[in-house]
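Take a look at the letters that make up each chain.
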Amino acid sequence: MNVLEEIRNRAKSLKKTIALPEYDDERVLQAAEIATRDQVAAIQLVGDPTIIEQKSKSLGISLSGVEIIDHKKDQQRSEYVQSLYELRKGKGLTQEQAEQWLESSMYYACMMLYHDRIDGIVSGASLSSPDVIRPALQIIKTTPGVKLASSCFLMVVPDCPYGSNGVFLYADSGFNPNPNSEELAHIALTTARSAIQLLGVEPIVAMLSFSTKGSARHELVDKVIEATAIAHSLKPELLIDGELQGDAALVPSVGDKKAPGSKVAGKANVLIFPDLNAGNICYKLTERLARATAIGPILQGLAKPVNDLSRGCKAQDIVDQIAVTVLQTQF
Ligand SMILES: CC(C)(COP(=O)(O)OP(=O)(O)OC[C@H]1O[C@@H](n2cnc3c(N)ncnc32)[C@H](O)[C@@H]1OP(=O)(O)O)[C@@H](O)C(=O)NCCC(=O)NCCS
Ligand SMILES: CC(=O)OP(=O)(O)O
């Protein structure tokens, strides 16, 4: 059984309800059908029932068993407007603006989650990442005590001897554009925890750079060295090393040569990128050139699970992200 089958099976046993607010996207409707048929989660589509019915009919998609919440006519709408206003009035939100925000099915789904009517949200097949992440931060917020939310991708690379039999977490490939060294350390520690929770593996964390162990000197490299030191001081028992180049992190013979004695070089299964340019480009190139399955962005550090997608995703990627979201309800 591969890692994604295992994740779907674990999700099935938890019987959670996940909302999909992108009701007019064909892949989302297909994912709703598959997730319901395979009992990965109970699915609620949030949006216009007429459009959902027309679109699913014309595409031959059965939505039997899928609940549809018409966010413009929902009974809880006025309660949610008031509640959103209360939540954000300190930030200058007016009652009229709260009404307007809840015209959006994404914002509406966030209020449903805030009020525990659902267990999680998956969105981002047609919305851009900022338009998924911002409502989640504004309404769901971070877990108490967590200052920085971040994201990782679950990468499953076929016929790959590296990582955990071709399985990796990449971070941050979807959220924080330019973390400083403390933020990068935090992203590394959070992603290591996600590796334990999602994959049940011991995280072996490589802090990636264009330099390995002083082969180049530059302030960009210094940031990675500092982040590694901070993460190590916060969690000395974690297998983490840097700065490492991609080949030194993955390939044992190169790791031995460039970083002799490292417990991480040649074995890494968690890859931490120095910024979002590197993280986002690398996940997309791995997905397309190595024909990897990329599930994410999986958001880390939110008080309740909301997960993003790439606009280039397939219906099965959405189903797998639904399964990940179900598992996060337990973390
Ligand atoms: C996520 C993102 C939209 C946040 O942007 P932002 O401009 O900081 O948004 P805002 O200033 O409106 O912040 C919204 C709220 O989130 C909070 N916030 C922003 N980033 C945060 C983070 N990393 N962790 C925790 N909270 C965060 C802000 O403090 C703010 O809270 P408040 O409104 O309650 O005070 C921004 O980081 C972004 O665009 N990232 C790139 C995403 C992307 O394009 N990825 C590539 C494709 S996957
Ligand atoms: C995660 C990501 O890169 O999203 P998109 O492809 O939608 O920009």
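An unreviewed UniProt entry lists the protein under the name Phosphate acetyltransferase, with Atribacter laminatus as the source organism. Looking at the protein in UniProt, the text filed under Catalytic activity (unreviewed entry) is "acetyl-CoA + phosphate = acetyl phosphate + CoA".

Visitor: When you look at the site of ligand 2 in this model, what are you seeing that I'm missing?
Guide: In the vicinity of ligand 2, the residues found are Ser129, Phe153, Asn280, Tyr283, Lys284, Pro297, Leu309, Ser310 and Arg311. Between Asn280 and ligand 2, the recorded distance is 3.0 Å, taken from a side-chain N or O atom to an oxygen atom. For ligand 2, whose unbound accessible area comes to 260 Å², protein coverage reaches 86%. Looking at the shell around ligand 2 residue by residue, the classes come out as four nonpolar, three polar and two charged.

Visitor: I'm lost on helix H8 (residues 181–199) in this one. Help?
Guide: Owing to its 3.6 residues per turn, the α-helix aligns residues three or four sequence positions apart on the same side. Along its 19 residues, H8 runs 26 Å from first to last C-alpha, staying within 8% of the 27 Å computed at 1.5 Å per residue. The backbone nitrogen of Glu182 lies 3.1 Å from a side-chain oxygen of the residue at the head of H8, namely Asn180. Of the residues flanking the end of H8, it is Gly200, one or two places downstream, whose phi is positive at about 65°.

Visitor: Could you clarify how one ought to interpret the pairing of strand E1 (residues 17–20) in this entry?
Guide: Burial along E1 is two-sided: the residues Thr17 and Ala19 and Ile18 and Leu20 are all buried. Bridging between E1 and strand E2 (residues 42–46) involves four bridges; their strand directions are parallel. Residue pairing across strands places Thr17 opposite Ala42, the latter belonging to E2. Handedness of the β-α-β unit built from E1, helix H2 (residues 26–37) and E2 comes out right-handed. Of the strand pairs in this sheet, E1 and strand E4 (residues 120–122) are connected by two bridges, and their pairing is parallel. Counterpart to Ile18 in the pairing with E4 is Gly120.

Criteria and thresholds
- Residues numbered from 1 in each chain as written.
- Chains lettered and ligands numbered in written order.
- Predicted model: local features only at pLDDT ≥ 70, side-chain atom pairs only at ≥ 80, totals over all residues.
- Heavy atoms only, no water.
- UniProt positions renumbered as here; feature names shortened; annotations may be inferred.
- Near = heavy atom within 4 Å.
- Polar contact = N/O pair within 3.5 Å; in protein donor to acceptor, adjacent residues only side chain to side chain.
- Areas by Shrake-Rupley, 256 points an atom, 1.4 Å probe, with all protein chains shown as cover.
- Nonpolar A, V, L, I, M, F, W, Y, C, P; charged D, E, K, R; others polar.
- Helix = DSSP H or I, 4+ residues; strand = E, 2+ residues; numbered from the N terminus.
- Expected span 1.5 Å × (residues − 1).
- Buried < 20%, exposed > 50% of the residue type's maximum accessible area, 1.4 Å probe, protein only.
- Pairing = 2+ DSSP bridges.
- Right-handed = clockwise from strand over helix to strand, strands pointing away.

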